[in-house]
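# Structure assessment
So you can see what is in the structure, the chains are spelled out below.
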Amino acid sequence: MPEVRWLMEHCDREDPRYLNEYGDYDALRKTFDKDSAAVIEDMKSAGVRGRGGAGFPAGLKWSFVPQNVDKPKYLCCNADESEPGTFKDRVLMEKDPHILLEGIAICCYAVGIGTAYIYIRGEYPIAARILDKAIAEAKEKNLLGKNIMDKGFDLEIYVHRGAGAYICGEETGLLESLEGKRGHPRIKPPFPALIGLFGCPTVINNVETLAAATLVMRHGPERYKSVGTEKSPGTKMFSVSGHVKKPGVYEIPLGTPVKELIYDICGGPLRDDSPIQCVIPGGSSAPPLTPEVAMELTLDYEAIGAAGSMLGSGGMIVIDETVCLLDVLYNMTRFYADESCGQCTPCREGTSWLETMVHRIEHGEGTLEDLDLLDEAATNMCGTTICVLSDSIAMPVRVFLKNFRHIFESHIEAKGCPHKMEMVSA
Amino acid sequence: MSYSDVTAPKFSPEAKKEFDELCSRYPNKMAPLLMVLHLAEKEFGYLSIEVQEYVANLLELSPAHVQGVCTFYTMYKLEKKGKIRIQYCATLSCAIMGGEKVFDHICSKIGVSRKGGMSEDELVSVEKVECLGACDIGPMMLANDETHGNLTPEKFDALYEKWKSKNA
Amino acid sequence: MSPQNGNGFGMSDKVKITLNGEEVEVDKGTTLLKASLDKGNDVPTFCYHDGLDKSGYCRMCLVEIDTPRGKRLITSCNTPCAEGTVCDSHSDAALVGRKAVLEFYLVNHPIDCPECDKAGECTLQNNSYDHGQAKSRANLEDKIVKPRKDFGDKIRFYSQRCVACRRCTQFLDDVSGTSELAFTQRGAHQELDVFPGKPIHNSLAKNIVDICPVGALIDKDFQYTARPWLMSSSDSVCAGCSKGCAITVDHKDEKALRFKARFDKEVNGHWICDHGRDTVKTLEINRHSNALVDGEIVKVMVAKEKAVSLLAKEFKALVSAFNTQEEIELTGELTDKKFVGALARADGDKEEFPEFTIPADKNPNRAGVIQHVGDKAFDEAATIKNLEGVTTLLIINAIPEYQVSSTLLEALKKVQNIVLLEAWKSDISDIATVVLPSAAATEKDGTFINDAGIERNVNFCVPTPGYAEMDFDILKFLNKALSRVGAV
């Protein structure tokens, strides 16, 4: 299956597609002809799943927010995109900002929300400026703001910039950050649909998920479901990076074979003389796959999940044999240790401990018992914490140990890196 | 570019206007904090202790809270950085494309140790950060707001010359 | 059971849960932690505190519950019991989980026990002993070293010992409302800190030392004074002001060394103020330890006999707001309730915090005195008038370092015979005929009535210094002796 550029139709360009090219918000116009319950039904029927990483059905999430409450309701668009290997949302926001704004408006109409914040990571200053400009021009044309399209629906969208913290991509970490605090994820329950931003019912959705709402309302749920698989319908934008000939963002139907994405679309391994050593399918939190297993899989939530990994954010990283996988793992443990918010002990101490343990093994100071300890520490980090950042490194560590144990053992035996490769991580 | 005094900070009228507009977007005085800190950083150059206390007073927050926020997020400058502030991606996709080697080159070119730092003429500073969301063009860096990818030592050298001549 | 909506008996206020295989009925809203502890199941905690709203951060109180998606570990301190909850507080998974959490705590924690003040009363030590393992498998050399910091004149902070329970930040945000502390940086490099130039010096500050579960926050005054296991603890009440907070007095070798807050729902809740806490330092300063007659040190019995001879004739009494109900009552009996008035310490500052108020009245038993002596007890002008023509006066004054006004002192000078029971020296001692050294609140039993009219007892914790005796005992002696002598 080739690429299906529904969301990315207008992303192959230098400058952003502003309103003069985007035209009217016709998907929103169609949305106003339906009542909010019907819109939510359409999203449910289309089966759009959260594209940030969790894959939770968006329509279902929207329906969790009570319709009639005494408090204001909010939408937070999660544009924090910090999962290593993921860069699809930036492309969409920089090239086609109105597709996101229109999607936000559709969601807000369906759920009864009057204020939306786009929480965009601080490291995307260009995208933030583009969104600001797009919002201003949409307001001028009565497509946002008060009494949109004279339909009596008010919506303010604000761009809120983060300042460098991966954990603010976690739903409740995002809420804490938006509220002007350190991004510490909240203890759940209560869930944001009932008690979220400023204590009010809140929907939090990824950029791509909200953009997909325009597809559903413009063309109907049936068209959305016409590609993909039964449980993973629609298209997904995959960010591919690492050792392939053509890295980049590609929108393909879910269910596309991994082989097709890597070889047909991305041109195969970067170096003809260095085969693929490892495939990380969905961002660094997704456990690594051996190439043998990976090439037999299709890119949907179920298949990747069944293989012991996850589709996640769709940030695929392909690694050939020119780098040491243990060094790769060290780079990952360092990332999570840096990004742990620090509020709960198994993650705060565990991420730090995993980093030092992997570092020691990598530099020849490890023993075989250390491998058992590494696995045990990683296991203990799962299921004991407030959020899943610790699981996000613990699971890859365990799977690295399971699928690539020989690499650890060779470092222990050689008392250092036997491959004598240049380190990728200091 | 000259900054307002970082040791005795006070928003200019334009900045105060922007501050008021930011505050109007939220229902309380704590939520605007991150955006106000971005504004203060733009206005004063970096978030010194005095600037942090100034912001705390404006928003009626405890200074300890503001300090806690400033130090939690990696982007806020808590000390002077170079005119060109390089945030260099050290995470996986960039690293496996040879990111370390280019980083070492940058450090030696601008005259700082492998830990990163600021050049003596305060033109360029470099620091390692985590994934910047541009993994297909690794190794890459943000130089202030500009993205520069597919970096090689030569490519960096050319950029450096350009910056030097622009700021001569 | 209570009627709901006037429809007769509605929903029960209880829920049924299964705890460790047994069906248990609990009040609605009870946490799984409380339900477990009430049944004698020892579930450890760090961050949970009855006086603070939020918890669940430390991950120590994990128990296992059944969910539609299988068994899971959850924090019991913030999970209410719901109808039908199935919980196992000591399943294998729960035990392993808690053990693992404790091992994580020890990854970077310094092995400071030999020099850490908290050793012996440290929650990390206790939890590790009861629920963890003896040895941490983390490498010592990899520990992230963090500095010792100064948080002001009261508190020292050992950053590396901190377990990030957030009790202190919660206290300073919610109870004192002063918010001096916040976490800086993140992850394992996270450090609690004050803002430069803004140390902690609010009057409730030392409560955070009480509630810190480890030796991270240290009371500068108490540091290195004594090991907890060498001290004994007695329950008592603070005599620093009219609030009358419940305290525990830690003492060693007959010396009171430390006051800590004790829970009293009606009076002070979970907290005490630093003024009261710091009174422990004043217990031995400027005390009477000898009996005096006409300014000369004499044997106590000699002074007592002199006192009896003076009080054999008619006398009146002047009491103080630091004396107990029992002492005042017995004094009243001795003199047929002929009180001239009462002494009190001058008001201090009233301090209002969001969840605690320190009153301006710095006397523990003003209300009690008024009960016996009357509304004008502390009216100095009235007292001076009542002193006119008085030749013999019994004064019981337990006020620490009392500053008598010059006008009252002048009036007292006109009294021919003064028998003074006094704990701390004052200018009155210089004009008294007989001085009998007496007790501080930590050295006797008795009742105070606080400013809300609530009665509370002080209890004997340490003996009086030198030849000093408890006021009540001295008064009992005088009572017995005077009846024998046949006083008017």
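This one's a predicted model, so the numbers in the text were calculated from it and none came from an experiment.

## Overview of the overall build of chain A
Scanning chain A from N- to C-terminus turns up 18 helices and nine strands. What you see for chain A is a C-alpha radius of gyration of 22 Å, in line with the 22 Å of a compact globule of 426 residues. A principal-axis box enclosing the C-alpha atoms of chain A has dimensions of 75 × 45 × 35 Å. Out of the 426 residues belonging to chain A, those deemed buried represent 67%. Put simply, of all contacts in chain A between residues at least 6 apart along the chain, 72% involve residues at least 24 apart. For chain A, the accessible area works out to roughly 14,100 Å², and carbon and sulfur atoms hold 52% of it. Averaging the coordinates of the 44 positive side-chain charges in chain A and doing the same for the 61 negative ones gives two points 4 Å apart.

## Some remarks on the overall build of chain B
Within chain B one finds seven helices and five strands. Reading the secondary structure of chain B in the N-to-C direction produces α-α-α-α-β-α-α-β-β-β-β-α. In terms of principal-axis extent, the alpha carbons of chain B reach across some 50 × 35 × 25 Å. Here chain B holds 168 residues, and 58% of them are scored as buried. If you take every contact in chain B between residues at least 6 apart in sequence, the share linking residues at least 24 apart comes to 62%. Here chain B has roughly 7,200 Å² of accessible surface; of this, 51% comes from carbon and sulfur atoms.

## Side note on the packing of helix 5 (residues 88–95) of chain A against helix 6 (residues 97–111) of chain A
Residue and element names in this part refer to chain A. Put simply, helix 5 and helix 6 touch, their axes get as near as 5 Å, and they point 100° apart. For the element pair helix 5 / helix 6, the angle class is roughly perpendicular. Residues Leu92, Met93 and Lys95 of helix 5 form the contact with helix 6, whose own contacting residues are Pro97, Ile99 and Leu100. Split by residue class, the contact of helix 5 with helix 6 holds five nonpolar, no polar and one charged.

## Regarding unusual backbone geometry
Residue and element names in this part refer to chain A. Along the chain, Lys188 connects to Pro189 via a cis peptide bond; the corresponding omega equals 0°. Within the secondary structure, Pro189 is located in the loop between helix 8 (171–178) and strand 5 (202–206). Phi angles above zero are rare outside glycine, and Asp150 is one such case at about 55°. The topology assignment puts Asp150 in the loop between strand 3 (145–148) and strand 4 (153–161).

## Observations concerning the pattern of salt bridges
With the rule as written, the count across this model stands at 82 salt bridges over all chains. For the salt bridge of Asp24 of chain A with Arg29 of chain A, the shortest nitrogen-to-oxygen distance reads 2.8 Å. Here Asp24 of chain A falls in the partly exposed class, since its relative accessible area comes to 34%. For Arg29 of chain A, a relative accessible area of 36% translates into the label partly exposed. Across the pair Glu21 of chain B and Arg25 of chain B runs a salt bridge, and its minimum N-O distance is 3.2 Å. Several salt bridges share partner residues, and in doing so they unite Arg51, Lys88, Asp89, Glu208 and Lys236 of chain A into one network.

## So, the packing of helix 1 (residues 13–23) of chain B against helix 2 (residues 33–44) of chain B
All names here are of chain B. In the contact formed by helix 1 and helix 2, the axes pass within 10 Å of each other and the chain directions differ by 170°. Judged by the angle between their axes, helix 1 and helix 2 are roughly antiparallel. Residues Ala15, Glu18, Phe19 and Leu22 of helix 1 pack against Met35, Val36, Leu39, Lys42 and Glu43 of helix 2. Of the residues in the contact of helix 1 with helix 2, the class split is six nonpolar, no polar and three charged.

## Let's talk about the side chain of Arg334 of chain A
By the element assignment, Arg334 of chain A lies in helix 14 (residues 325–339). Engagement of the side chain of Arg334 of chain A in a polar contact is seen with the side chain of Glu130 of chain B, the distance being 3.0 Å.

## Digging into helix 8 (residues 325–334) of chain C
One full turn of an α-helix is made of 3.6 residues, so residues set three or four places apart face in the same direction. Residue and element names in this part refer to chain C. Burial of helix 8 is extensive: seven of the ten residues sit out of reach of the surface. Where helix 8 is concerned, the buried positions are Gln325, Glu327, Ile328, Leu330, Thr331, Gly332 and Leu334. With its phi angle positive at about 55°, Asp336 sits one or two positions after the end of helix 8.

## Considering the packing of aromatic side chains
For the structure on display, the rule yields 27 aromatic pairs over all chains. A centroid spacing of 5.8 Å and a plane angle of 35° characterise the contact between Tyr117 of chain A and Tyr158 of chain A, whose relative ring orientation is tilted. With a gap of 41 residues between them, Tyr117 of chain A in strand 2 (residues 115–120) and Tyr158 of chain A in strand 4 connect regions that are remote in the sequence. The two residues Tyr117 of chain A and Tyr158 of chain A agree in class, both being buried. Ring geometry for Trp353 of chain A against Phe104 of chain C: centres 6.1 Å apart, planes inclined by 85°, an arrangement best described as edge-to-face. Of the two residues, Trp353 of chain A is situated in helix 15 (residues 345–362) and Phe104 of chain C in helix 2 (residues 92–105); the pairing between them involves two chains. Here Trp353 of chain A and Phe104 of chain C have matching classes, each one buried.

## Examining helix 14 of chain A
Helix length check: helix 14 of chain A, at 15 residues, gives a terminal C-alpha distance of 21 Å against a target of 21 Å (1.5 Å per residue), a fit within 8%. Of all the 15 residues making up helix 14 of chain A, 14 are buried; the element is thus mostly covered by neighbouring parts of the structure.

## A word on the domain arrangement of chain A
Residues and elements named next belong to chain A. Split into domains, chain A comes out as domain 1 (19–224), domain 2 (235–320) and domain 3 (325–425). For domain 1 versus domain 3, the distance between C-alpha centres works out to 36 Å. Of the residues lining the interface, 13 residues belong to domain 1; the matching set on domain 3 comes to eight residues. If you look at where domain 1 meets domain 3, you find zero salt bridges. Partitioned by chemical class, the residues of the side of domain 1 that touches domain 3 number six nonpolar, three polar and four charged.

## Side note on the sheet that holds strand 3 (residues 124–129) of chain B
Residues and elements named next belong to chain B. Read from one edge to the other, the open sheet built from five strands follows the order 2-3-1-4-5, with strand pairing classed as mixed. Taken across any chain shown, the strands that pair with only one partner, and hence form the sheet edges, are strand 2 (117–118) and strand 5 (146–148). Note that strand 1 (residues 84–89) and strand 4 (residues 141–143) share three bridges and pair antiparallel. For Gln87, the partnering residue across the bridge sits in strand 4 and is Leu142. Packed onto the sheet, helix 6 (residues 99–110) meets strand 1, strand 2, strand 3 and strand 4 and runs at close to 155° relative to strand 3. Set on the sheet, helix 7 (residues 153–166) makes contact with strand 1, strand 3, strand 4 and strand 5; between it and strand 4 the angle comes to about 10°.

## Observations concerning the interface of chain B and chain A
Between chain B and chain A, the residue contacts involve 39 residues of the former and 61 residues of the latter. Taking both sides of the interface into account, the surface hidden between chain B and chain A amounts to around 3,800 Å²; carbon and sulfur atoms contribute 60%. The largest per-residue losses of area from chain B upon contact with chain A belong to Phe72, Leu92 and Ile96 of chain B, which jointly make up 18% of the total buried on that side. Counting the contacts that link chain B with chain A gives two salt bridges. Here Glu130 of chain B and Arg334 of chain A are joined by a salt bridge, their closest N and O atoms 3.0 Å apart. At the boundary of chain B with chain A, the tally comes to 22 residue pairs in polar contact (both at pLDDT 80 or more).

## Considerations on the pairing of strand 3 of chain A
Residues and elements named next belong to chain A. Of the strand pairs in this sheet, strand 3 and strand 4 are connected by two bridges, and their pairing is antiparallel. In the strand pairing of strand 4, Ile148 is matched with Phe153. Two successive antiparallel strands, strand 3 and strand 4, enclose a turn made up of four residues, where Met149 displays a positive phi of approximately 50°.

## Description of the interface of chain A and chain C
Residue-level contacts link 31 residues of chain A with 32 residues of chain C. Summing the contributions of chain A and of chain C, the shared interface buries around 2,500 Å²; its carbon and sulfur component is 50%. When the area that chain A buries against chain C is broken down by residue, the three leading residues are Arg182, Trp353 and Arg360 of chain A, summing to 22%. Inspection of the chain A/chain C interface yields four salt bridges. Residue Glu141 of chain C is joined to Arg360 of chain A by a salt bridge in which the shortest nitrogen-to-oxygen separation is 3.5 Å.

## A closer look at the environment of Ala128 of chain A
Residues and elements named next belong to chain A. Secondary-structure assignment places Ala128 in helix 7 (residues 125–140). Ala128 sits in the buried class, given a relative accessible area of 4%. Residues in contact with Ala128, not counting those within four places in the same chain, are Ile120, Val159 and Arg161.

Parameters and conventions
Residues numbered from 1 in each chain as written. Chains lettered and ligands numbered in written order. Predicted model: local features only at pLDDT ≥ 70, side-chain atom pairs only at ≥ 80, totals over all residues. Heavy atoms only, no water. Helix = DSSP H or I, 4+ residues; strand = E, 2+ residues; numbered from the N terminus. Rg over C-alpha atoms; globule rule 2.2 N^0.38 Å. Buried < 20%, exposed > 50% of the residue type's maximum accessible area, 1.4 Å probe, protein only. Contact = heavy atoms within 4.5 Å. Areas by Shrake-Rupley, 256 points an atom, 1.4 Å probe, with all protein chains shown as cover. Lys, Arg positive; Asp, Glu negative; His and termini not counted. Charge placed at Lys NZ, Arg CZ, Asp CG, Glu CD. Axes fitted to C-alpha atoms, helices over the stretch in contact; angles between N-to-C directions. Parallel < 35°, antiparallel > 145°, perpendicular 65-115°, else oblique. Nonpolar A, V, L, I, M, F, W, Y, C, P; charged D, E, K, R; others polar. Salt bridge = Lys/Arg side-chain N within 4 Å of Asp/Glu carboxyl O. Polar contact = N/O pair within 3.5 Å; in protein donor to acceptor, adjacent residues only side chain to side chain. Phe/Tyr/Trp six-rings, centres within 6.5 Å; stacked < 30°, edge-to-face > 60°. Expected span 1.5 Å × (residues − 1). Domains from an automatic or database assignment. Pairing = 2+ DSSP bridges. Buried area = accessible area lost by both parts, 1.4 Å probe.

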